[in-house]
Amino acid sequence: MDLTLPVTLIPSNQILDLAAKTGVLLLAGLLAYVLTRTLLVRAAHAFARHTRGGFDNMLMEAGVFSRAALLAPAPVLFWGLEIFAGLKGVLDNAIYAYIAVSVVMILTKVLDALSQLYQTFDVSNRRPIKGYVQLVKLFIYILGAISVVAVLLGQSPWGLISGIGAMTAVLMLVFRDTILSLVASIQISANDLLHTGDWIEMPAMGADGSVVDIALNTVKIQNWDMTITAIPTYKFMDTPFKNWESMAQSGGRRVKRAIMIDQSSIRFADDALKERLKKVQHLAPYIEQRQKEIDEANARLNADPASPLNGRRMTNIGLFRRYALEYLRSHPKVRQDMTLLVRQLQPQAEEGLPLEIYCFTNETAWGLHEDIKSDIMDHLLSALPEFHLRAYQRNALVDARDRD
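Residues numbered from 1 in each chain as written. Predicted model: local features only at pLDDT ≥ 70, side-chain atom pairs only at ≥ 80, totals over all residues. Heavy atoms only, no water.

Q: Go over the overall build of the protein with me, naming the residues and quoting the values.
A: Each helix and strand in the protein was counted, giving 18 helices and 8 strands. Looking at the protein as a whole, 33% of its 404 residues qualify as buried. A sequence separation of at least 24 residues applies to 65% of the contacts in the protein between residues at least 6 apart. Entry remark: accessible area of the protein is about 24,600 Å², with carbon and sulfur atoms responsible for 60%. (Helix = DSSP H or I, 4+ residues; strand = E, 2+ residues; numbered from the N terminus. Buried < 20%, exposed > 50% of the residue type's maximum accessible area, 1.4 Å probe, protein only. Contact = heavy atoms within 4.5 Å. Areas by Shrake-Rupley, 256 points an atom, 1.4 Å probe, with all protein chains shown as cover.)

Here you go:
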């Protein structure tokens, strides 16, 4: 019995014939992609590494050349369609859809390279474009999807777009956050509110740190404890936040610190105290001039010197306030062209008399600023006893002799 199959049976099997042709065609397309990726893409990378220009290297790092290799199978597939006489129209549409997907993938990588190129310019910190790049990518994805569906269905893309117009309400709901963030990004950029590297503080969102990334939908803040807070971009339009960048650009950082004075230690300055304080360089000229003014005023008023309540007198806290002011004016780390005050605030029954130091240091870096501020407060607190003054401490035990 002859078990050999007739040769004529294989061509008559249309399914097997179609599968064989399809496999050969796909294998040819895959081979074209591999050869292009292996030879041409490697050659393009080698050329980019040996050129002086930086943009071709950015294209290489973004993967543009590798994505471009996806187009290599298209000519091979078009050439092989001649063997699919009855399905040529359908397969044509499928290849066009494949080309559309490949072009979308290439364009997104080109945008990544352009964004990377933009980051090399100084203006990128003041005018970030990452949100706009993401928006353009979104439009490319949408147009690409419409084109693919239109090609596969054999319809005009404009017909699909008009049909999508009826779904506007649904799209508005789905892309609500994206649309709000887009509007917010435009307002942030137009009003110059936020840049990469800025120190911002947004208590409502638990953010206090440096801006590390500004995207279409989120702004990433690296807090000082090294955690990351991601805030929706549109939140910067309806939530109060503080940007400290102008402080850094001004070259001065504020010191606003109060010394709480024990009110029981405040008194008129006697002659012994004034004579001792005349040895202080910052105070000697002031005491002499002030005493002359007081003596002249008391003489005009015919004030009785028997009581310190008659006429005008200097006080120990007034002298200390003047000393603190002169000390700040002579301090090399304090900005003299910015606001400089030593003032009394509203006395607190349970907290003493606040004497506020208000000035600006010429160092804006956090650590250096804190060192200067601490040095100033250390000195002034240590100077209090020289004026017979005490810092207030609740429930503190003070020797009765110190109160006399």
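Picking up after the structure, the text goes on.
Q: Tell me about the packing of aromatic side chains, and name the residues and values.
A: Pairs of aromatic rings are described using the distance from one ring centre to the other and the angle between the two planes. For the structure shown, the criterion picks out 8 aromatic pairs. Aromatic side chains Tyr323 and Phe387 sit 5.7 Å apart centroid to centroid with 45 degrees between the ring planes, which places their arrangement in the tilted category. Of this pair, Tyr323 sits in helix H16 (residues 316-329) while Phe387 is found in the loop between helix H17 (366-383) and helix H18 (400-403), placing the two residues 64 residues apart along the sequence. One aromatic cluster in this structure is built from Trp199, Trp224, Trp244 and Trp366. (Phe/Tyr/Trp six-rings, centres within 6.5 Å; stacked < 30°, edge-to-face > 60°.)

Q: Give me the lowdown on the layout of surface pockets, citing residues and values where you can.
A: Where empty space is left becomes clear once a probe the size of a water molecule has been rolled over the atoms. Here the second largest pocket is characterised by a volume of approximately 290 Å³. As for the second largest pocket, its lining consists of 13 residues, and the residues nearest its centre are Trp244, Met247, Arg253, Arg254 and His369. Sorting the residues of the lining of the second largest pocket by element identifies strand E6 (253-261) and H17 as the ones contributing at least two each. Element by element, the count of residues in the lining of the second largest pocket is highest for E6, at 4 residues. Broken down by class, the residue content of the lining of the second largest pocket amounts to 4 nonpolar, 2 polar and 7 charged. (1 Å grid on protein atoms, 1.4 Å probe; cavity = no way out; pocket = protein on both sides within 12 Å on 5 of 7 lines; lining within 4 Å. Points joined across faces, edges and corners; volume = space filled by probe spheres on them. Nonpolar A, V, L, I, M, F, W, Y, C, P; charged D, E, K, R; others polar.)

Q: Go over the packing of H16 against H17 with me, naming the residues and quoting the values.
A: Two elements in contact, H16 and H17, have axes whose closest approach is 11 Å; the angle formed by their N-to-C orientations is 150 degrees. The angle between the axes of H16 and H17 places the two elements in the roughly antiparallel class. Both H16 and H17 take part in a crossing whose hand is right-handed. Contact residues: Phe320, Tyr323, Ala324, Tyr327 and Leu328 in H16; Asp375, Ile376, His379, Leu380 and Ala383 in H17. Considered class by class, the residues forming the contact of H16 with H17 number 8 nonpolar, 1 polar and 1 charged. (Axes fitted to C-alpha atoms, helices over the stretch in contact; angles between N-to-C directions. Parallel < 35°, antiparallel > 145°, perpendicular 65-115°, else oblique. Left-handed = near helix turned anticlockwise from the far one by under 90°.)

Q: Tell me what's going on with empty space enclosed by the protein, and back it up with residues and numbers.
A: The full count for this structure, using the stated rule, is 1 cavity of 30 Å³ or more. Reported here for the largest cavity is a volume of approximately 120 Å³. Taken together, 14 residues line the largest cavity, and the ones lying closest to its centre are Pro128, Tyr132, Ser185, Ser189 and Ile214. The set of elements that each furnish at least two residues to the lining of the largest cavity consists of helix H8 (130-153) and helix H11 (176-191). Counted by class, the lining of the largest cavity contains 8 nonpolar, 3 polar and 3 charged residues.

Q: Pulling in residues and values, what's your account of the confidence of the model for the protein?
A: The share of residues in the protein with pLDDT of 70 or more is 84%, and the mean pLDDT across the chain is 81. Of the regions scoring below 50 in pLDDT, residues 1-12 engages in 0 contacts with residues more than four places distant in sequence or in other chains. Considering only residues more than four positions removed or in separate chains, one finds that residues 399-404, a stretch of pLDDT under 50, has 8 contacts. (pLDDT = per-residue confidence, 0-100.)

Q: Outline unusual backbone geometry, supporting the account with residue identities and numerical values.
A: With phi around 75 degrees, Met226 is a residue other than glycine that occupies positive phi space. Along the chain, Met226 falls in the loop between strand E3 (218-223) and strand E4 (228-232). Given the relative accessible area of 58%, Met226 is considered exposed. One non-glycine residue with positive phi stands out, namely Asn302, at about 55 degrees. Judged by its relative accessible area of 69%, Asn302 is exposed.

Q: Can you lay out the pattern of salt bridges for me, pointing to particular residues and giving the numbers?
A: Counted according to the given criterion, the structure contains 12 salt bridges. Ionic pairing is found between Arg322 and Glu326, a salt bridge with its closest N-O pair at 3.0 Å. Of this pair, Arg322 and Glu326 both sit in helix H16, 4 residues apart, roughly one helical turn. You can call Glu326 buried: its relative accessible area is 18%. Its salt-bridge partner being Arg335, residue Asp337 comes within 2.8 Å of it at the nearest N-O pair. (Salt bridge = Lys/Arg side-chain N within 4 Å of Asp/Glu carboxyl O.)

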